[in-house]
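Residue-level structural notes
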Amino acid sequence: MSDDRVTTFDTPTGWRAVGRYGLLVVVSVIVLFPVYTTVIAALKPGNKVLVNPLVPDAFTLDVFRDAWNEGSLGRYMLNSIVVAVIVTVAQVVTSVMSAYAFAILEFPGRDVLFLAFLATLLVPVEATLVVNRQTIDSLGWLNSYQGLTVPFLATAFGTFLIRQVFLTLPRDLRDAAAIDGVGHLGFLRHVAVPLVRPTIGAMASLAFLSTWNQYLWPNLITTENDMNTLQSGLRVLSQSSGVDRPNLVMAGVIIAFLPIVVVLLVFQRQLVRGLTSGGVKG
Amino acid sequence: MSARRRVAVALGACALLAACRSGDSLLQAGNDAPPASSTAPPPTAAPGETLAPTTTAPRATTTTTPLASLPPCPVDALDDVTQPVQITFWHAMSATNETALAQLTDEYNASQSKVRVRLENQGGYKQTLDKYVQSSQANRPHVVMLPEYTVQQMADSDSVIPIGACLEASGYDTSPLLERALRTYQTEGVQWSMPFNVSVPVLFFNASAFEEAGLDPADPPVSLEELRAAAQAIVDGPGNRVGIAFDSGVDSGGGWFIEQWFARAGVPYADNDNGRSAPATRVLYDGELGVELLSEVQSLILDGLAVTVGDNPGGQDALLKLADPQQPAVMTIATSAAIGTVKSVLDGGLIPGITSEQLGIGPMPGPGDVASAIVGGASLYIVADKGDAQAAAAWDFIQFLISAQSQSTWAAATGYIPISEDALELDPIRTTYATDPRFKVAYDQLLAGPSEATRLGPVIGPMLEVRTVTAGAVAAIFNGADVATALRDAAAQANALIAAYNARN
Amino acid sequence: MITPSAVILGIFVVYPLARAVLLGTKRCDARGRNCVSNGWDQYVDAARSNEFVDALWVTVKFALLTVPPGLVLGVALAVLADKYLRGIAVFRFIFTSTIATSVAVASLMWLFLLQPDIGVLSNIGWLADLFPVIKSPGLLRDPGTALTSVAASSVWSSLGFTFLLVTAGLQGIPRDLHEAAAMDGAGGIRRFWSITLPLLGPTLLFVLIVLTTRAFQAYGEIDLLTRGGPRPQYSTTTITYLTYGTDSIITNDAGLQSTVAVLLFFVLLGLSVLQLWGIGRRVHYA
């Protein structure tokens, strides 16, 4: 987060600082409480999850290894990553292309078509699930990466966001490029895209997160356990081991949680930068 | 302020909603004529007698389907196979049962080279059923394990090869198999599936708590009067204990157990001989027996002798109530399929204060003085149109699973009832039954029950949905609602479901 | 240029919606076959039916339980952490970390917290004594507390996202404004209402829309925590769960499912119009 705007005004001292620290600590404890209890539960050997839920018994990492192996979490995580990456990349590409068309190109019916695009944002995914499953089924794409990704390769949201930024491109720039003989694709590549990079970053992060979090769709179209994503895989794990080995399930939950936390740590700056300069602030 | 405006709009919308509500069920949407709702409860027999079959407007279809009109079972197709045939098996087992099934499958795969079976755990009976019906034939597995209430639905689905065809084509000797288990999965004169994991409800109880309350763990309550007396002794006894934990789950206290009680009392649950002589058109549980049974359970709860653990979505909540540190229940009714898992959980030390030796298993308490039960659990279907070699492979695998040795191993590990009587003479179940009588309770209870087809429980098309509405009524009753009204409303909804199903099939 | 987007959106959004609208007039089996036509009044009847009205009410309640608290908490935390203190980055990271919880992760964590027999809260003695509902019948099984508990897990899970966005929004408010106001004698609270909140407008609008959409489409948390129960009140059955829930009575009828799903579409349509019209006007642009 940028510090260049900090003045002494922002820095509480003395009792105000202590008070603020205190408040921050209390809130942090509350926010982290569910995570803490999950870690404790995972660490309890012999399934003694009932006893003393706030204090760990021992520090055994075996349970994490077991959850990884028996829960096939490695495979599920791979599936989630593949699906999320494909969808994110595809959404960026298709959104940039259609945003360019709607912002820069001229053709009859452009505005009407754009409104139609926007209208699809209003359609909840539930209204399309039954039919989409049938479509995927008849294409033979159940239990496949295609089935998990293809319905989400385009989004009107991304189109909208990026179009907003493209609209700020001055006409003269485009005309000058045309005079120089640069075609649309070249203009796109060399001028337009670099301009919207932060917005793309924000859009990509949101797309990645929301695809990573998908629960209903993977549940619906996977009947072979190998193709579960991490979310539907966690459900399988909790159903098959939730009774006799809750510590295993909790370990699986932690395994699903940690990588994103790490990614968050690394990409925090970019994420915020993208969100502040992108379409969020009008 | 925008917040204030939003609240105002929300309140306005709520008022509008309340005014627009029609009071009808979603299941009636679009229907023009309301179905004939039973305002007077249908005639019922006293427990122990059976009714003459009531015939209400039967469906136009015949009730016997000739085997020749159904897909054949190519039992010899494996003979010419050069490469191993891969087949998938969708199942819904969890915990200990899943481990046992995996072991059996590995054993089968290792014992021959023509068939390779791959297990796919779909996460639960409902999920398995949903995935099956939602998929096109090409995406269905070769063998699927589906719960006992799906018989009519599978028969109407035109998607399976009836096991009867395989039995006939291969001349399989079914005499060692439990006749009542086979009959449970027959309708329209056809054996649709092969029973594999047979379970009945049993009483789980804390034997040491029994002793502390002055009860004999070797003589658990069988009739409802004995149950009340035992619960009273427990509540009056030491510790802050409750007699019994009930649940209103769809596959347990809210649905399945009710069917079991009706079968035990010899009263039909649905018309047309429980749907066996012709497809059922309505349920009959809002009659005298239903009101009597559920009033008794309701009074147990209201008198503080019993508690309800609610909907039990995972199936474990009633059992977990036995482990509650503050106010445990001493008894609960749950499926015998859980015996293996519960034992291993207790052995693993999950529940402090209860060891697996202290776990008592008794027959399910219910109407009448004799403990009996009907077949529950799941069965195996061979899916059609998947190729001849695959169908033969599926049949070969099923034969392995129902063989005496497999059933013996399976029953000993899980608590399911072996469907092959020859299995009782083989280890490990022979030793288990001899040394640990708890495992045998379910078996004895099943054999004490009826074996005529019409008394083997209801066969209804949309059985799971019917159970769901029944469970809703049971939950309301547990919360103190008027029993007769709750049952009547549920029956009306169930009849609507059945009517819609019959219209589509 | 538009073709890829148009094709995908056409096949997987427009076509299914159109087909769902048609299916919604019929009663079918689970795959949309063997249909019996019931006419357009199926929509009207469904909209007025008990289950739908109840589910709509539950959905609205759920949105009210998750969106305002989510917004308020996000802003509160962002303002709390918006000071230049040593180690503030650690606290900011902690507050953002729930962004890493997916629906399944958060729900399973909270399931373990709230389970009345082996759960964490029920085994903290003094807490269970203070609030007996924790143990009997359990926060997720009591019809009065079930929805709030599911909402709590949802709010917690979205906290990181809200915090991050509001913090980013706070960064964009020029410090001089605050300094000038402070010099004129405006206290912290006054400055918050007059400067911070109005300038956060666009950010808050965006967060509001995202949170509301999530609330109306909540499925995973309900599936993992309560399965739409407790019965018979069906206290946590939202419209989405009524359509696709594991224990729903219409999962074997693609026709009725489509009816309810299309009705949900219209509800969301109305909601979007409401949001953009009623609130969008009040947003200040810096």
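Residues numbered from 1 in each chain as written. Chains lettered and ligands numbered in written order. Predicted model: local features only at pLDDT ≥ 70, side-chain atom pairs only at ≥ 80, totals over all residues.

Focus on the overall build of chain A
Tallying secondary structure elements over chain A gives 12 helices and zero strands in all. Walking chain A from its N terminus toward its C terminus, one meets helices and strands in the order α-α-α-α-α-α-α-α-α-α-α-α. Within chain A, the proportion of its 282 residues that are buried is 46%. A separation threshold of at least 6 residues defines the contact pool for chain A, and within that pool the share at least 24 residues apart is 74%. (Helix = DSSP H or I, 4+ residues; strand = E, 2+ residues; numbered from the N terminus. Buried ≥ 20, exposed ≤ 12 C-beta atoms within 10 Å, placed from the backbone. Contact = placed C-beta atoms within 7 Å.)

Some points on the domain arrangement of chain A
All names here are of chain A. Segmentation of chain A into domains returns domain 1 (8–60) and domain 2 (67–281). Contacts between domain 1 and domain 2 engage seven residues on the former and seven residues on the latter. Among the residues forming the side of domain 1 that touches domain 2, the class breakdown is four nonpolar, two polar and one charged. (Domains from an automatic or database assignment. Nonpolar A, V, L, I, M, F, W, Y, C, P; charged D, E, K, R; others polar.)

Notes on the interface of chain A and chain C
Contacts between chain A and chain C engage 75 residues on the former and 75 residues on the latter. Those elements that place two or more of their residues in the side of chain A that touches chain C are α1 (14–43), α3 (73–103), α5 (126–138), α7 (156–166), α11 (230–241) and α12 (246–277) of chain A. Ranked by residue count, the leading element in the side of chain A that touches chain C is α1(A), at 14 residues.

What to know about the packing of helix α7 (residues 146–171) of chain C against helix α10 (residues 201–216) of chain C
Residues and elements named next belong to chain C. It is at 9 Å that the axes of α7 and α10 come closest, and there the two elements cross at 165 degrees. When the axes of α7 and α10 are compared, the pair comes out roughly antiparallel. Crossing geometry of α7 relative to α10 is assigned as right-handed. Across the interface between the two elements, Ser158, Thr162, Leu165, Val166 and Gly169 from α7 touch Thr203, Phe206, Val207, Leu211 and Arg214 from α10. Among the residues forming the contact of α7 with α10, the class breakdown is five nonpolar, four polar and one charged. (Axes fitted to C-alpha atoms, helices over the stretch in contact; angles between N-to-C directions. Parallel < 35°, antiparallel > 145°, perpendicular 65-115°, else oblique. Left-handed = near helix turned anticlockwise from the far one by under 90°.)

With respect to the interface of chain B and chain A
Taken together, the contact pairs 26 residues of chain B with 21 residues of chain A. Residues belonging to the side of chain B that touches chain A are distributed by class as follows: seven nonpolar, 16 polar and three charged.

Observations concerning the environment of C:Ser49
Considering the arrangement of structural elements, one finds C:Ser49 in the loop between α2 (41–48) and α3 (50–80). For C:Ser49, a count of 23 C-beta atoms within 10 Å corresponds to the buried category. If we ignore the near neighbours within four places in the chain, the residues touching C:Ser49 are B:Ser22, B:Asp24, B:Ser25, B:Leu26 and B:Ala29.

A closer look at the confidence of the model for chain A
Residues and elements named next belong to chain A. Overall, the prediction assigns chain A a mean pLDDT of 81, with 87% of residues at 70 or greater. Under a pLDDT of 50 for its full length, residues 1–8 has, in the predicted model, seven contacts with residues more than four places off or in other chains. Here residues 278–282 is a poorly scored stretch, pLDDT under 50, and it has 18 contacts once near neighbours within four places are set aside; other chains count. (pLDDT = per-residue confidence, 0-100.)

A few points about helix α17 (residues 440–447) of chain B
Looking only at α17(B), the buried set comprises B:Val441, B:Ala442, B:Tyr443, B:Gln445 and B:Leu446. The secondary structure elements touched by the buried residues of α17(B) are β7 (194–199), β8 (201–206) and β12 (359–363) of chain B.

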